[in-house]
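Summary of structural features
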Amino acid sequence: MRKYVCFDSIRSDQDLDLYLGSVSVGSPAVRTNYVDIPGADGLLDLSEALGGVTYGSREIMLSFGRAIYDRYQQDAIVKNALHGKRMKITLSEDPSHYFLGRVSVGEWQRVNGVGHVDISATCDPYRYKAAPTTVTGTVPESGTLSLTLANERRPVVPTVEVSAAATLTFGGKDIAAAAGSHRSLDIRLAAGSNTLAVTAAAGTTVSVTYQEASL
């Protein structure tokens, strides 16, 4: 199977006539904060002082080739389509996730009649799930619905939509919600399995939507 890259809806092989040679996806750097305390052993690690570890950008390098080409025309086509744009980058080997970053197109080189160009992107640290996750349910006769919300690596605040007034319980805290859509910083999904309880009249429908992402 031929490998390719999608930049938003632009497919490298079909739309740009580029053939993918190699892919390099870098790891995002861990942002650390160490403080040297005089008279104490080692360093004080404050990297999680704001609630969790944060990460820097990650670099993606893509190498493409083209057997027959008009250098200047092809250069213009590719750069007009991609250069400097912030785009979703989806690898054919991993269609269930995408990276999000700003794209840069390098200069063409010709070796033995074959054109080569490197395309790079400075991306967010996370690898996003291709489609948002939605978990739904209906409050039973007991008046309380319990939803299990599985989440990948990145903490995320979901959107909760209820069809009638309800009380949302998350992490031991109750949040009053009128009918409609709500986002509350008190409902922040961690990596792994999370539980949200909804107390409302029987028949109330609940929909929870969030964007999962992993490293």
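Residues numbered from 1 in each chain as written. Predicted model: local features only at pLDDT ≥ 70, side-chain atom pairs only at ≥ 80, totals over all residues. Heavy atoms only, no water.

Considering the packing of aromatic side chains
The tally for this structure, following the rule as stated, stands at two aromatic pairs. Centre to centre, the rings of Tyr 55 and Tyr 126 are 6.1 Å apart; their planes meet at 85°, and the pair counts as edge-to-face. Note that Tyr 55 is positioned in strand 7 (residues 54-55) and Tyr 126 in the loop between strand 12 (114-123) and strand 13 (127-129), a separation of 71 residues in sequence. Overall, Tyr 55 belongs to the buried group, its relative accessible area being 13%. Here the aromatic rings of Tyr 98 and Tyr 128 are separated by 5.4 Å at their centres, their planes lie at 25°, and the arrangement is stacked. Of this pair, Tyr 98 sits in strand 10 (residues 97-105) while Tyr 128 sits in strand 13, and the two are 30 residues apart along the sequence. (Phe/Tyr/Trp six-rings, centres within 6.5 Å; stacked < 30°, edge-to-face > 60°. Helix = DSSP H or I, 4+ residues; strand = E, 2+ residues; numbered from the N terminus. Buried < 20%, exposed > 50% of the residue type's maximum accessible area, 1.4 Å probe, protein only.)

Topic: the pattern of salt bridges
Taken as a whole and assessed by the stated rule, the structure comprises nine salt bridges. Taking the shortest distance from any N to any O, the salt bridge between Lys 79 and Asp 75 comes out at 3.6 Å. Taken as a pair, Lys 79 and Asp 75 lie in helix 2 (residues 71-82) at a separation of four residues, close to a single helical turn. The buried category is assigned to Asp 75, whose relative accessible area is 17%. Residues Arg 127 and Asp 94 are paired through a salt bridge, measuring 2.8 Å at the closest nitrogen-oxygen approach. Taken together, the residues span a long stretch of sequence, with Arg 127 in strand 13 and Asp 94 in the loop between strand 9 (86-91) and strand 10 at a distance of 33 residues. (Salt bridge = Lys/Arg side-chain N within 4 Å of Asp/Glu carboxyl O.)

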